[in-house]
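Topology and contacts: notes
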Amino acid sequence: MKNSFLLASLLLVFNWSFSQKNEDQLIEQKIDNYIKEVIQINEIPGVALGVIKDGKVIYEKYFGKASLEENKAVDKNTAFKLFSTTKLITNVGVFQLIEKGKLSLEDPISKYLDNLPNEWQKIQVKNLLSHSSGLPNIIMFEDIKITLPFEEKLAILSKKPMEFVTGNEYSYNQTNYLFLTKIIEKITSLTLEDYILQNQFPAIQSGVYFSSNFGENFPNSAPRYNYDIKTKNYTKSISNFGFDAHSANGLNITLQNFIRWNENLDKDVYLNKETKYSMWKPFAFANNTDRFAYGWEIVPVNKILSYGFTGGNETAFRKFPDNKLTIIFLANGHRYSSLYVQSQVINHVAAIVDKKLTDDYYLTGEKINQNFLKLNIEEAKKNYLDTKKSHPGWDFQYRLNLIGYTLIDHGRISDGIKVLELNTIENPKSGNAYDSLADGYFRNNQFEISKENYKKALELRPDNANAKLMLEKIDKLLQKKS
């Protein structure tokens, strides 16, 4: 009897193990097929994807080329530019100082930064992290050169107007991270780079470094590739954001090193659990509509909250704490950069790994993107209308706007205009939809019909300053023609 029970138990364990292995293989194959399709549709040069579930790396693969010129494949040694996903590492660095009692979210920035205007004196560290500072955004001003010393940048920036009352709303702003850099350096007496490397990557010998100069060459680095619409080829980016941008967009890292960083975050090596979860607490914006944590984007997926950030429309890192799932997506360029491919990949892979994270609205939105990119315009429109018929309550206004502009920007002007026309039919009370359609006609030199649509946009939204300016511009062009 005892032997029969033991045999039955062994068979049960064997069957469970066999079933689990099959399930793991099925998940791997589904992710493989999906990523290959994404790469093909979006013409992505190179990709690295990591998936961590229940503390284990269940997927780590490399696709395509790290260097097109050298025909060099992406592999475990390829260091990708994180772009703004770098901010997550900076956020952890800030909270390490908070945990040690060297910094507080409530500290006014004037405690660490000198020569600030009176209007900035009460801005707090928490406002920098939550992008609620209202500070003028430094990258918006041509007279603030990246080569200027910080003191000179600050002197010019101080004369620019505030964007809004501090704490009122969310507005993504690079000045916030410039100031966080200077605060970290003031407290630690280290450079931002040394502080981050010593406290988050102390044992790493290679595959992690800072550079916001995309024209610099480093061993095993993946250049950023920009798609040239005219030549229909990729070219290397030579953009340079300067040393002061390192906390915002300067980290370069291999997938394996990013996976190790995530493991240390999960195991509370960098921060204790309480401090870590405080980073993900929603900030209380005065407008009561925006939602963002302390440096982390909050994304609900099938009503389950996830936390992370994206960078350069090419990289993404997202954690689903309740599901013990983390997904890391790294790429070095893609043709349709305005369509947020990186976020779509995270949501889709999450659904493959954990069915609880299947969000039909997000997945359908991604499918709409793909249809308009790869199918003829009439077939894509039919598929879209079929989707809307099945889900009349789903709002795709913003998505249609992006698709329309994407097609126009990539030489499919007629198709892009048809999508923008569809958007006005779907959203007849949207001034923005008519404004975009008018812009599409204008780009196609259809000035009369552009004028009609700008008038409609202005009728629906009387405060539309752009429509007023464009109507004046069109009238002048028509007068020259007559």
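We now turn to the structure provided with this report. Being a predicted model, the structure only gives us computed values, none of them experimental.

**Points about the overall build of the chain**
Along the chain, the regular secondary structure elements total 17 helices and 12 strands. Expected size for 482 residues packed as a compact globule is a radius of gyration near 23 Å; at 25 Å, the chain falls within 12% of this value. Considering only C-alpha atoms, the chain reaches an extent of 100 × 60 × 50 Å along its principal axes. Buried positions account for 51% of the 482 residues belonging to the chain. Put simply, of all contacts in the chain between residues at least 6 apart along the chain, 65% involve residues at least 24 apart. When the accessible surface of the chain is summed, it comes to about 23500 Å², and 52% of that surface belongs to carbon and sulfur atoms. Treating the 60 positive side-chain charges of the chain as one cloud and the 56 negative ones as another, the clouds have centres 2 Å apart.

**Some details on helix α8 (residues 255-266)**
The end-to-end C-alpha distance of α8 is 16 Å, a good match for the 16 Å that 12 residues give at a rise of 1.5 Å each. Of all the residues in α8, the buried ones are Leu255, Asn257, Phe258, Ile259, Trp261, Asn262 and Leu265. Looking one or two residues past α8, Asp268 carries a phi angle of roughly 60°, positive in sign.

**Remarks on the pattern of salt bridges**
Enumeration according to the criterion identifies 25 salt bridges in this entry. Of the charged contacts in the structure, one is a salt bridge between Lys160 and Asp143, with a shortest N-O distance of 2.9 Å. Linking Lys160 in the loop between α4 (150-157) and α5 (174-188) with Asp143 in the loop between α3 (125-129) and α4, this pair joins segments that are 17 residues apart in sequence. Each of Lys153, Lys182, Glu185 and Asp244 takes part in a single network of salt bridges with overlapping partners.

**Details of the sheet that holds strand β12 (residues 325-331)**
Within a beta sheet, neighbouring strands are joined by backbone hydrogen bonds and run either parallel or antiparallel to one another. Spatially, 7 strands are ordered β3-β2-β1-β12-β11-β10-β9 in an open sheet, and the strand pairing comes out antiparallel. Each edge of the open sheet carries a strand with a single partner, namely β3 (72-73) and β9 (297-301). Taken together, the 8 bridges between strand β1 (residues 46-53) and strand β2 (residues 56-67) define a ladder with antiparallel strand orientation. Across the sheet, Ile52 pairs through a bridge with Val57, a residue of β2.

**Some remarks on the pairing of β2**
In this structure, the hairpin formed by β1 and β2 is closed by a connection of 2 residues, where Asp54 is found at a positive phi of approximately 55°. Note that β2 and β3 share 2 bridges and pair antiparallel. For Lys65, the partnering residue across the bridge sits in β3 and is Ala73. Count of turn residues in the β2/β3 antiparallel hairpin: 4 residues, of which Asn71 carries a positive phi of about 55°.

Rules and cut-offs
Residues numbered from 1 in each chain as written. Predicted model: local features only at pLDDT ≥ 70, side-chain atom pairs only at ≥ 80, totals over all residues. Heavy atoms only, no water. Helix = DSSP H or I, 4+ residues; strand = E, 2+ residues; numbered from the N terminus. Rg over C-alpha atoms; globule rule 2.2 N^0.38 Å. Buried < 20%, exposed > 50% of the residue type's maximum accessible area, 1.4 Å probe, protein only. Contact = heavy atoms within 4.5 Å. Areas by Shrake-Rupley, 256 points an atom, 1.4 Å probe, with all protein chains shown as cover. Lys, Arg positive; Asp, Glu negative; His and termini not counted. Charge placed at Lys NZ, Arg CZ, Asp CG, Glu CD. Expected span 1.5 Å × (residues − 1). Salt bridge = Lys/Arg side-chain N within 4 Å of Asp/Glu carboxyl O. Pairing = 2+ DSSP bridges.

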